[in-house]
Amino acid sequence: MGLADIIIKFILVVIIFAISLLIALYSTYAERKVAAFFQDRLGPNRAGPFGIFQPFADGGKMFLKEEIIPTSASKFLFIAGPSLSIFTACIGSAVIPWGQQLTIGGHVIDLQVADINVGVLYILGVVSLGVYGVMIGGWASNNKYSLLGAIRAASQNISYEISMGLAIIALLMVTGTLSLKEIAVQQHGFWSHGWFTWNVFKQPLGFLLFIVCAFAETNRTPFDLPECETELIGGYHTEYSSMKLGFYLFSEYINMFISGAVMATLYFGGYNFPGMHYFSGNMLAILGVVVLFAKIFFFIFFFMWVRWTIPRFRYDQLMDLGWKILIPLAIANIVITGIFITFFK
Amino acid sequence: MSTFYFIAFLSIFFSILVISAKNPVHSILYLVLTFFTFTIHYILMNAQFLAVVNFIVYMGAILVLFLYTLMLINLSKESEPRKSNLVKLAAVIGGGCFLVTIVAALKAFKISEPVILHDPNLGLVKNLGKILFNEYLLPFEVSSILLLSAMVGAVLLATKEPKTT
């Protein structure tokens, strides 16, 4: 790998990082606008036209607020919690193929930071690491509500990781590869050999399981029990203030963005779109990126749509759903997929 | 090679911290770091699949459960039982004897030949899968039955008393 390649990779990393932060920033604005729309209100409309500068005002407020570290808290872990949370949220984007190859001045640029051949498992690993930020923060606060939130987060994540993994296994049986890039390439176009190429049409049940688990893993309503304010005040971030609270809230939006990207890549064809054979070269690559982001924005909107539509589960209902419904369904999905592959391919 | 020594040093350093940390939750967090260094070891050996699985299963699931249990049962910081000096003395003597035995045993050894793999890409998913499901299919299935029996046993222990409702 020459110096030019390293510089290109570095620029790509910076761009992806900046885009994920920007999208997370505007997701907070979009969330409030969507909520306002669902509740027949106006939403934020003071800072700039249509309240478009609201996220910056919120961010400035977060930075300038007084920072409080409780005296009985474990200081190092209290700071490590939110840092770890936002760190794990950001590293997930490394294996996502954002588009096809782009050619600029003779350089062929892969729009993917790292094409590792265990890409899908890397995503699972990052997801499983995400719970540490919440657990450490909740425990280090030395507060009963925070601890309860942390414990809820841990058991919820562990439970839903299993069905998420099982849903992915069925998907991997169809694709036969763990590399996200190859999975995206396999879903080229929209229709071939008498069936849709996108995996959602090959694995409809798997996608349903995956999206439910994605809601649970990102701690979004209806599964936001770790920060359930009616029972736990604020859950794991009860004791947090200023930008450390901001990091926790922000990492949730980055997670939403990344899980939207993962769902779009795994099930909804990634950067592929119907009629893509009319284009070629850089045009195709750029259109692919645009299409992928359109899909991601749809998923982010879907997350918000569900949040303002469906009420929160009770904790035992959450566990029942995870262990008694999703896991048996996921195993049945694997068996059906296996039978189908054996007899019809 | 120097990377290996650095990571090996970190592994040993963190594992010493695991047993010397006063607070059980800190111990578990050091254990997480220790397992993370193991993951790096696997990557250095080009065993990507093993690295990621170690990451997901040990760091992401088992240690989270450890942490979960400790948070539930051990809420106070200074709950570690105080040991009497006699026990400490006995432990030092015992540990010293063990060290002497280990050193004596190791001195008799020659330095082992480094194992050279026939196929350096053995750890990649495709090759590993082929080997596991062709050459070692029976041991693989037997070990999965072992895990299943352990799981059934755990469920049986957990639901020892039949529900009256």
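Residues numbered from 1 in each chain as written. Chains lettered and ligands numbered in written order. Predicted model: local features only at pLDDT ≥ 70, side-chain atom pairs only at ≥ 80, totals over all residues.

1. Considerations on the overall build of chain B
Stage number 1. Within chain B, the secondary structure is distributed over six helices and zero strands.
Stage number 2. Helices and strands appear in chain B in the N-to-C order α-α-α-α-α-α.
Stage number 3. Once local pairs closer than 6 in sequence are excluded, the contacts in chain B between residues at least 24 apart make up 57%. (Helix = DSSP H or I, 4+ residues; strand = E, 2+ residues; numbered from the N terminus. Contact = placed C-beta atoms within 7 Å.)

2. As for the overall build of chain A
Stage number 1. Helices and strands together make up the secondary structure of chain A, namely 12 helices and four strands.
Stage number 2. The C-alpha atoms of chain A give 21 Å as radius of gyration, which agrees with the globular expectation for 345 residues (20 Å, within 12%).
Stage number 3. Within chain A, the proportion of its 345 residues that are buried is 46%. (Rg over C-alpha atoms; globule rule 2.2 N^0.38 Å. Buried ≥ 20, exposed ≤ 12 C-beta atoms within 10 Å, placed from the backbone.)

3. Quick notes on unusual backbone geometry
Residue and element names in this part refer to chain A.
Stage number 1. In this structure, N142 takes a positive phi of about 60° despite not being glycine.
Stage number 2. Note that N142 resides in the loop between α4 (119-140) and α5 (144-175).
Stage number 3. When the 18 C-beta atoms within 10 Å are taken as the criterion, N142 is described as partly exposed.
Stage number 4. The phi angle at S242 is positive, at roughly 55°, despite the residue not being glycine.
Stage number 5. Mapped onto the elements of the fold, S242 is located in helix α10 (residues 242-266).

4. Topic: helix α12 (residues 315-344) of chain A
Residue and element names in this part refer to chain A.
Stage number 1. In this model α12 runs 41 Å from its N-terminal to its C-terminal C-alpha over 30 residues, within 8% of the 44 Å that 1.5 Å per residue would give.
Stage number 2. Of all the bends found along α12, the most pronounced is centred on L326 and spans about 30°, while P328, a proline, follows it within four residues.
Stage number 3. Of all the positions in α12, only L318, G322, L326, A330, N333 and T337 are classed as buried.
Stage number 4. The elements touched by buried residues of α12 are α5 and α8 (204-217). (Expected span 1.5 Å × (residues − 1). Bend = angle between axes of the 7 residues up to and from the residue.)

5. With respect to the packing of helix α3 (residues 75-91) of chain A against α4(A)
Residue and element names in this part refer to chain A.
Stage number 1. Axis separation between α3 and α4 bottoms out at 7 Å; the angle between their running directions is 160°. Between α3 and α4, the interaxial angle falls into the category roughly antiparallel. Our pair here, α3 against α4, has a crossing hand that is left-handed. Note on element contacts: α4 touches α3 through V126, L129, G130, Y132, G133, V134, I136, G137 and A140, opposite L77, F78, A80, G81, P82, L84, S85, T88, A89 and I91.
Stage number 2. Among the residues making up the contact of α3 with α4, the classes are represented as 13 nonpolar, six polar and no charged. (Axes fitted to C-alpha atoms, helices over the stretch in contact; angles between N-to-C directions. Parallel < 35°, antiparallel > 145°, perpendicular 65-115°, else oblique. Left-handed = near helix turned anticlockwise from the far one by under 90°. Nonpolar A, V, L, I, M, F, W, Y, C, P; charged D, E, K, R; others polar.)

6. A short note on the environment of L171(A)
All names here are of chain A.
Stage number 1. On the secondary structure map, L171 appears in helix α5.
Stage number 2. By the C-beta count within 10 Å, which is 23 here, L171 ends up buried.
Stage number 3. Separated by 81 residues in the primary sequence, L171 and E252 have C-alpha atoms spaced 26 Å apart.
Stage number 4. Apart from residues no more than four positions distant in its own chain, L171 is found in contact with N199, Q203, G206 and L266.

7. Examining the nonpolar core
Stage number 1. In this structure, M135(A), A150(A), A167(A), F210(A), C213(A), F257(A) and M263(A) are the most contacted members of the largest nonpolar core, which totals 105 residues.
Stage number 2. Per-element tally for this core: the top contributor is α4(A), with 15 residues.
Stage number 3. What A150(A) contacts, discounting residues up to four positions off in sequence, is V134(A), M135(A), G138(A), W139(A), Y236(A) and M71(B). (Core = buried A, V, L, I, M, F, W, Y, C linked by C-beta atoms within 7 Å.)

8. Considering the environment of I162(A)
Stage number 1. On the secondary structure map, I162(A) appears in helix α5.
Stage number 2. For the pair I162(A) and C213(A), spaced 51 residues apart in sequence, the C-alpha to C-alpha distance is 9.1 Å.

9. A look at the environment of K75(A)
All names here are of chain A.
Stage number 1. In this fold, K75 is placed in helix α3.
Stage number 2. Note on K75: 11 C-beta atoms within 10 Å, which makes it exposed.
Stage number 3. When the C-alpha positions of K75 and S141 are compared, they lie 8.6 Å apart, and in sequence the two are 66 residues distant.

10. What to know about the interface of chain A and chain B
Stage number 1. Listed as interface residues are 20 residues of chain A and, on the opposing side, 17 residues of chain B.
Stage number 2. Sorting the residues of the side of chain A that touches chain B by element identifies α4 and α5 of chain A as the ones contributing at least two each.
Stage number 3. It is α4(A) that provides the largest number of residues to the side of chain A that touches chain B, a total of nine residues.
Stage number 4. Within the side of chain A that touches chain B, the residues separate by chemical class into 15 nonpolar, four polar and one charged.

11. Things to note about the confidence of the model for chain B
Stage number 1. For chain B, per-residue confidence averages 82 on the pLDDT scale, and residues scoring 70 or more make up 88% of the total.
Stage number 2. Reported confidences for the modelled complex are a pTM of 0.84 and an ipTM of 0.79. (pLDDT = per-residue confidence, 0-100.)

12. Considering the packing of α5(A) against helix α3 (residues 48-73) of chain B
Stage number 1. Closest axis-to-axis distance for the α5(A)/α3(B) pair is 10 Å, and the angle between their directions is 150°. Taken together, the axes of α5(A) and α3(B) are roughly antiparallel relative to one another. Crossing of α5(A) against α3(B): the hand is left-handed. Residues L147(A), A150(A), I151(A), A154(A), S155(A), I158(A) and E161(A) of α5(A) touch α3(B), and the partners they reach there are A61(B), V64(B), L65(B), L67(B), Y68(B), M71(B) and L72(B).

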